[in-house]
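So the chains spell out like this:
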Amino acid sequence: MSLTSNAPLSALSEFPSSELSLLNHEQQAPQIHPCQAHLSTITEALAERGYVVIDQALPASLARALQQRVLFLKANDALAEAGIGRGDDHQQVRAVRQDKIHWLDRQHAAEQGWASAMEKLRLMLNRELMMGLFSYESHFAHYAPGQAYHTHRDAFRGQQNRVVSTVLYLNEEWAAADGGELVLYNDGGQLLERVLPAFNRLVVFLSEEFPHEVRPGSRDRHSIAGWFRVNGSRSHRVDPPR
Ligand code: OGA
Ligand code: MN
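Because the structure is a prediction, the values reported are computed rather than measured. (Residues numbered from 1 in each chain as written. Chains lettered and ligands numbered in written order. Predicted model: local features only at pLDDT ≥ 70, side-chain atom pairs only at ≥ 80, totals over all residues.)

## Details of the overall build of the protein
The condition that has to hold: In this description a helix means any DSSP run of H or I spanning at least four residues, a strand means any run of E spanning at least two, and both kinds are numbered starting from the N terminus. Labels follow a simple rule on C-beta atoms placed from the backbone: if 20 or more others lie within 10 Å of a residue's own, it is buried; if 12 or fewer, it is exposed; otherwise it is partly exposed. Here, residues touch in the contact sense if the C-beta positions derived from the backbone fall within 7 Å of one another.
When its secondary structure is counted, the protein shows four helices and eleven strands. Among the 242 residues that make up the protein, the fraction classed as buried is 31%. For the protein, long-range pairs separated by at least 24 residues make up 76% of all intrachain contacts whose partners lie at least 6 apart in sequence.

## Digging into the pairing of strand 3 (residues 100-103)
Along any regular strand, the residues point their side chains to alternate faces of the sheet. Counted only if it meets this: Being paired, for any two strands, means DSSP has found at least two bridges between them.
Of the pairings in the sheet, the one linking strand 2 (residues 80-81) to strand 3 comprises two bridges and is antiparallel in character. Within strand 3, the position partnered with A80 by the bridge is I101.

## Side note on the site of ligand 1
Counted only if it meets this: Should the C-beta atom of a residue, placed from the backbone, lie within 6 Å of a molecule or strand, that residue is near it. The nonpolar class holds Ala, Val, Leu, Ile, Met, Phe, Trp, Tyr, Cys and Pro. Asp, Glu, Lys and Arg form the charged class, and all remaining residues, Gly among them, are polar.
What surrounds ligand 1 is the set A141, Y149, D154, V167, L182, H212, V214, S223 and A225. By residue class, the composition of the shell around ligand 1 is six nonpolar, two polar and one charged.

## Focus: the sheet that holds strand 1 (residues 51-54)
Keep this limit in mind: Inter-axis angles, ranging from 0 to 180 degrees, are taken between N-to-C directions of lines fitted to C-alpha atoms, where helices are fitted over the stretch in contact.
Pairing in this open sheet of seven strands is antiparallel, and the strands run 1-9-6-11-4-3-2 from one edge to the other. In this open sheet, the two edge strands, each paired with only one partner strand, are strand 1 and strand 2. Summarising the sheet, strand 3 and strand 4 (residues 135-143) pair through four bridges and their orientation is antiparallel. Residue pairing across strands places K100 opposite H142, the latter belonging to strand 4. Running over the sheet, helix 2 (residues 60-75) touches strand 3, strand 4 and strand 11 (221-229) and is turned about 60 degrees from strand 4.

## Focus: helix 4 (residues 109-129)
Rules: Take the number of residues in a helix, subtract one, and multiply by 1.5 Å to get its expected span. What the arc describes is the spread of directions from the helix axis to the C-beta atoms.
With 21 residues, helix 4 extends 30 Å from end C-alpha to end C-alpha; this agrees with the ideal 30 Å at 1.5 Å per step. By the burial criterion, the buried members of helix 4 are A110, E111, G113, W114, A117, M118, L121, M124 and L125. Summarising the axial view, the buried residues of helix 4 lie within an arc of 160 degrees, below the 170-degree limit, and thus occupy one face. Seen from the open side of helix 4, the exposed residues pointing more than 90 degrees away from its buried face are E119 and R127. Where helix 4 ends, the next residue or the one after it, M130, has phi of about 50 degrees, a positive value.

## Observations concerning unusual backbone geometry
In this model, Q56 sits at a positive phi of 50 degrees, which is unusual for a non-glycine residue. Its place among the elements puts Q56 in the loop between strand 1 and helix 2. Of note, E173 is a non-glycine position whose phi angle comes to about 45 degrees, a positive value. Assignment of secondary structure puts E173 in the loop between strand 6 (162-169) and strand 7 (182-185).

## Quick notes on the pairing of strand 4
As paired elements, strand 4 and strand 11 share nine bridges and run antiparallel to each other. Its bridge partner being in strand 11, F140 is matched across the sheet by I224.

## Observations concerning the packing of helix 2 against helix 4
The line we're drawing: An angle below 35 degrees is read as roughly parallel, one above 145 as roughly antiparallel, one from 65 to 115 as roughly perpendicular, and any other as oblique. Definitions for this section: a left-handed crossing has its near helix turned counterclockwise from the far helix by less than a right angle. A right-handed crossing has that turn clockwise.
Following both chains from N to C, one finds helix 2 and helix 4 inclined at 125 degrees, their axes separated by 9 Å at the closest point. Taken together, helix 2 and helix 4 sit at an angle that is classed as oblique. Seen along the crossing, helix 2 lies across helix 4 with a hand that is left-handed. Mapping the contact onto sequence places L62, A65, L66 and R69 in helix 2 and A109, A110, E111, G113 and W114 in helix 4. Considered class by class, the residues forming the contact of helix 2 with helix 4 number six nonpolar, one polar and two charged.

## Observations concerning the environment of F156
Assignment of secondary structure puts F156 in the loop between strand 5 (149-152) and strand 6. Accessibility expressed as a C-beta count within 10 Å gives 11 for F156, which makes it exposed. Separated by 52 residues in sequence, F156 and E208 have C-alpha atoms that sit 5.5 Å apart.

What follows is the structure, encoded as structure tokens:
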């Protein structure tokens, strides 16, 4: 079966187009649109303290469709072990992270919905904070019970590559006892926040500033991890995504 077939999603992929205008800052409603409010909250929080946790981040139908999508990919064996970088030793990589991933593209309605939400966020951050974000890349991730991602940074200072990290969680009724938290630390290694991977919760943080880890949980844990990048291309070197 084709992985881009939306047979199991036929009912879910029909979002009303208004739902696709999530995080829609162009809407000229008299009162502030909730999606506009999320965009403003994210922008202000990034400027003030560098990270933010947003609940009910997406329209419920889109979050549900993304959840169905990752479950479908998993059921069809389309998730693969993540690599940390080209040429890295496989054993070393698996010691650091054990999740399986699948990069999103725009072939599927739910993935398009996600891409357009992140595009609105990209434009807002560029307009308000002049971040010069150039592209966005993201992957679904599945952590089986007991699997983790040890403390790491998503980017290193001066590399000018990944600038803003996002994680969206797709897990119904996640309880504290289920573990699987994202733990954020400050530059000095002090614990800032423990975030449960609750359904439709979005975490956004500056990639260089915050070491973080995924703690092992007792349930299957699904998410979309993504990164806004600046264009690091130089005349002597191209800088393609990933
Ligand atoms: C990552 C990551 C955090 C999470 O994929 O780089 O840190 O909570 N994920 O899944
Ligand atoms: Mn990370």
